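# A closer look at the structure
In case you want the letters, here they are:
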Amino acid sequence: MSTLTTSTAWLSLQDHQPVMAKQDLRELFAQDSQRFKNFSLKFNDILMDYSKHPINQNTINLLLTLARQQGLEKKISEMFCGRRVNFSEDRAALHFALRREDALIIDGVDIMPEVHDVLTKMERFTSSIRNGERKGYSGKAFTDIVSIGIGGSNLGPVMVTEALNPYSASHISSHFISNIDGTQLSTILKKLDPETTLFIIASKTFTTQETMANAHSARKWFLAQGGCEKDVQNHFVAVSTNRMEVEKFGINADNIFKFWDWVGGRYSLWSAIGLPIALSIGMENFYLLLKGAREIDQHFIDAPMERNLPVILGLIGIWQINFFGAKSHAVLPYDQSLHRFPAYLQQLEMESSGKRIDRNGNEVDYSTGAVVWGEPGTNGQHAFYQLLHQGTQIIPADFLIPCISHNPVGDQHRLLIANFIAQTEAMMRGKRKTEVCEEYEVELPKKSAIEDSFKKTIPHKVFPGGRPTTSILFKKLDPKTLGSLIALYEHKVFVQSVIWNTNPFDQWGVELGKQLAGKILGELDNKIQITSHDSSTNGLINYFKENR
Ligand code: G6Q
């Protein structure tokens, strides 16, 4: 048994769970008129309501005791002091420095001047593209930006660029290529004019198979469509820590935006990896995105734990995963422009929290990260909410919505808000058998022949309720608010890793597949029957070879 699951704080929560599991959430609301006030927090324009979870004040106190026992406050300050919190890779995790203003001394050196130099370089570059000063090889201004990168070098920039679409320059279109499947690249390039297209090759390592294959194909396309070798300099820029490989590709130092190995891929949108975002929304808005995140950083450091949004969000997740057995977590943004937010959080949470070995190298005896998934509302309501309302699994969900829409078309936003609130209420309240029958009485005061068939439907019309949700409302989806929301989730992940004693900054689990793909690649090129793997793997390879 681990020290965590045998600790007093953990055992107290375990004892407390059956008490709360028995409680009807409706009753908890009925008993306490202040429940919303007691279990919601505000930060700037963001409201986080976690009152629709099976909690009472005792639950929160016990969760906070667990956090203290795990040394959360110390761990937060260690991260912000630049300690090597990424212990399995022996390095610091300094993504917060990318949005910082003050000095940050690491190993005796202030790293902030370099961070600010890159931002200044991004600023110059961004304005030269946006104002048309920097031109393509035929003298025309750039109109299309194609960013090539995958995973952490793609999901953040895509999500933010889409989310902040109302702030984007109308004369610049952004495109993203991540998948090794040639379909994405060909579909995008088909629409573009090489004379006005700028490529950003975004790769921390500059060795990632998918990115490099796509970058070389893009270069080939550019040369085949009329560009010359010397024009590559002007049409291709790179964001990377690996200057040598970038130069080998043919991009010179002036066109390299550097970042550092202390930024993890999925934490890197604040760095020059965010260049596509800056090109789309402009550097002033990019600085606001950083500001929003910086403000949450400060809140995370300063606010008492019980009033600290990332701490509470993280601990509510712990309560659901470790004490109520939740295996999955839905992210449901009621804002179409946040349609990539679930995918972004999926990487942030699942790559950071999908761990089974603790910091001492021992296998854990408790659950860690849940499966994160989601789609925007109201689309999801007509698709998978059935399972959320009446399925056998209890899936905690985060609902997110702006109070003001960027696109106030007709009555749509009011409808959206009504649906958002109704869904969280329905999940909490459910519908009891008596309520189903009462409805029937009202609808059909005179009992009739259909009574029997009605009775049969009763169980199907009952909603158990008690389905936990967190609601996050904010005034408007602007760059600063989005920055705060993203950083809120980054720190939520950190909080959970401290409780679980795991490393949220490594991702060794992605390596094995890469290694094996390398071996299999070599086996695809000849006509020899493959027998060196298990029968399934051999069978798949051989079927492909026969049917290519
Ligand atoms: C993220 C991961 C991973 C990484 C990609 C791309 O935290 O490390 O998603 O971002 O594999 O890596 P490169 O930026 O090195 O191409």
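My aim in this report is to walk through the structure given alongside it, one point at a time. (Residues numbered from 1 in each chain as written. Predicted model: local features only at pLDDT ≥ 70, side-chain atom pairs only at ≥ 80, totals over all residues. Heavy atoms only, no water.)

Next up on the list: the overall build of the chain. Each helix and strand in the chain was counted, giving 22 helices and 13 strands. Against the compact-globule benchmark of 24 Å for 548 residues, the chain has a radius of gyration of 26 Å, which places it among compact chains. Dimensions of the chain, computed from the C-alpha atoms along their principal axes, are close to 80 × 65 × 60 Å. Within the chain, the fraction of its 548 residues that count as buried is 52%. Charge centroids of the chain, computed over 58 positive and 60 negative side chains, lie 2 Å from each other. (Helix = DSSP H or I, 4+ residues; strand = E, 2+ residues; numbered from the N terminus. Rg over C-alpha atoms; globule rule 2.2 N^0.38 Å. Buried < 20%, exposed > 50% of the residue type's maximum accessible area, 1.4 Å probe, protein only. Lys, Arg positive; Asp, Glu negative; His and termini not counted. Charge placed at Lys NZ, Arg CZ, Asp CG, Glu CD.)

On to the nonpolar core. In terms of nonpolar packing, the biggest core is built from 117 residues, with Met122, Phe341 and Leu482 touching the most fellow members. In terms of residues, this core owes the most to one element, helix α20 (residues 479-500), which gives 12 residues. In this structure, Phe206, Met212, Phe222 and Ile251 belong to the second largest nonpolar core, which totals 22 residues. (Core = buried A, V, L, I, M, F, W, Y, C linked by side-chain atoms within 4.5 Å.)

Attention now goes to helix α5 (residues 72-81). For α5, every residue scored as buried is listed here: Leu72, Ile76, Glu78, Met79 and Phe80. On the buried face of α5, the contacting elements are α4 (57-69), α13 (283-302), α14 (309-323) and α20. A positive phi of about 90 degrees marks Gly82, the residue just after α5. (Contact = heavy atoms within 4.5 Å.)

With that settled, the discussion passes to the sheet that holds strand β7 (residues 197-202). On the basis of which strands lie adjacent, the open sheet formed by five strands has the order β6-β5-β7-β8-β9 and parallel pairing. Since the sheet does not close on itself, it has two edges, and those belong to β6 (173-177) and β9 (256-258), each with one partner. Neighbour-to-neighbour, the strand axes of the sheet open up by a mean angle of 20 degrees, direction not taken into account. As paired elements, strand β5 (residues 144-148) and β6 share five bridges and run parallel to each other. Bridge pairing in β6 places Asp144 opposite Ser173. Here helix α6 (residues 112-130) sits on the sheet and contacts β5, β7, β8 (236-240) and β9; the angle it forms with β9, its principal contact strand, is near 145 degrees. Each of β6 and β7 touches helix α8 (residues 182-190); the most contacted strand, β6, lies at about 160 degrees to it. (Pairing = 2+ DSSP bridges. Axes fitted to C-alpha atoms, helices over the stretch in contact; angles between N-to-C directions.)

Looking at the ligand, there are 13 residues lining it, with Ser153, Ser203, Lys204, Thr205 and Thr208 nearest. Within the side chain of Thr208, one N or O atom sits 2.5 Å away from an oxygen atom of the ligand. With respect to the ligand, the side chain of Arg266 contributes an N or O atom lying 2.8 Å from an oxygen atom. Isolated, the ligand exposes 400 Å² of accessible area, and the fraction of that covered by the protein chains is 87%. (Near = heavy atom within 4 Å. Polar contact = N/O pair within 3.5 Å; in protein donor to acceptor, adjacent residues only side chain to side chain. Areas by Shrake-Rupley, 256 points an atom, 1.4 Å probe, with all protein chains shown as cover.)

To continue, consider the side chain of Arg134. When you line up the elements, Arg134 lands in the loop between α6 and β5. Here Asn255 takes part through its side chain, which lies 3.3 Å from a polar atom of the side chain of Arg134. Not counting the four nearest positions on each side in its chain, Arg134 is found in contact with Phe125, Ser128, Ile129, Ala141, Phe142, Gln233, Asn234, Val237 and Asn255.

Moving on, we get to the pattern of salt bridges. According to the stated counting rule, one finds 28 salt bridges in the structure shown. Note that Glu89 and Arg91 form a salt bridge whose closest N and O atoms lie 3.5 Å from each other. One salt bridge connects Lys258 with Glu114, and the closest N-O pair in it is separated by 3.0 Å. Pair noted here: Lys258 is in strand β9 and Glu114 is in helix α6, with a separation of 144 residues, a long-range link. A relative accessible area of 37% places Glu114 in the partly exposed class. (Salt bridge = Lys/Arg side-chain N within 4 Å of Asp/Glu carboxyl O.)

The geometry of an aromatic ring pair is captured by two quantities: the separation of the ring centres and the angle between the planes. Evaluation of the coordinates by the stated rule reveals 26 aromatic pairs. Ring geometry for Phe80 and Phe300: centres 6.3 Å apart, planes at 65 degrees, overall edge-to-face. Of the two residues, Phe80 sits in helix α5 while Phe300 sits in helix α13, which places them 220 residues apart along the sequence. Residue classification places Phe80 among the buried positions, given a relative accessible area of 9%. Looking at Phe300, the relative accessible area reads 1%, which means it is buried. Look at Tyr385 and Phe399: their rings are 6.3 Å apart centre to centre, the planes differ by 80 degrees, and that puts the pair in the edge-to-face class. Linking Tyr385 in helix α16 (residues 385-390) with Phe399 in strand β12 (residues 397-404), this pair joins segments that are 14 residues apart in sequence. Of the aromatic side chains, those joined through ring pairs into one cluster are Tyr137, Phe199, Phe206, Trp221, Phe222, Phe236 and Phe249. Looking at Arg35, its charged tip hangs above the ring of Phe29, at a distance of 5.1 Å from the centre. (Phe/Tyr/Trp six-rings, centres within 6.5 Å; stacked < 30°, edge-to-face > 60°. Lys NZ or Arg CZ within 6 Å of the ring centre and 35° of its normal.)

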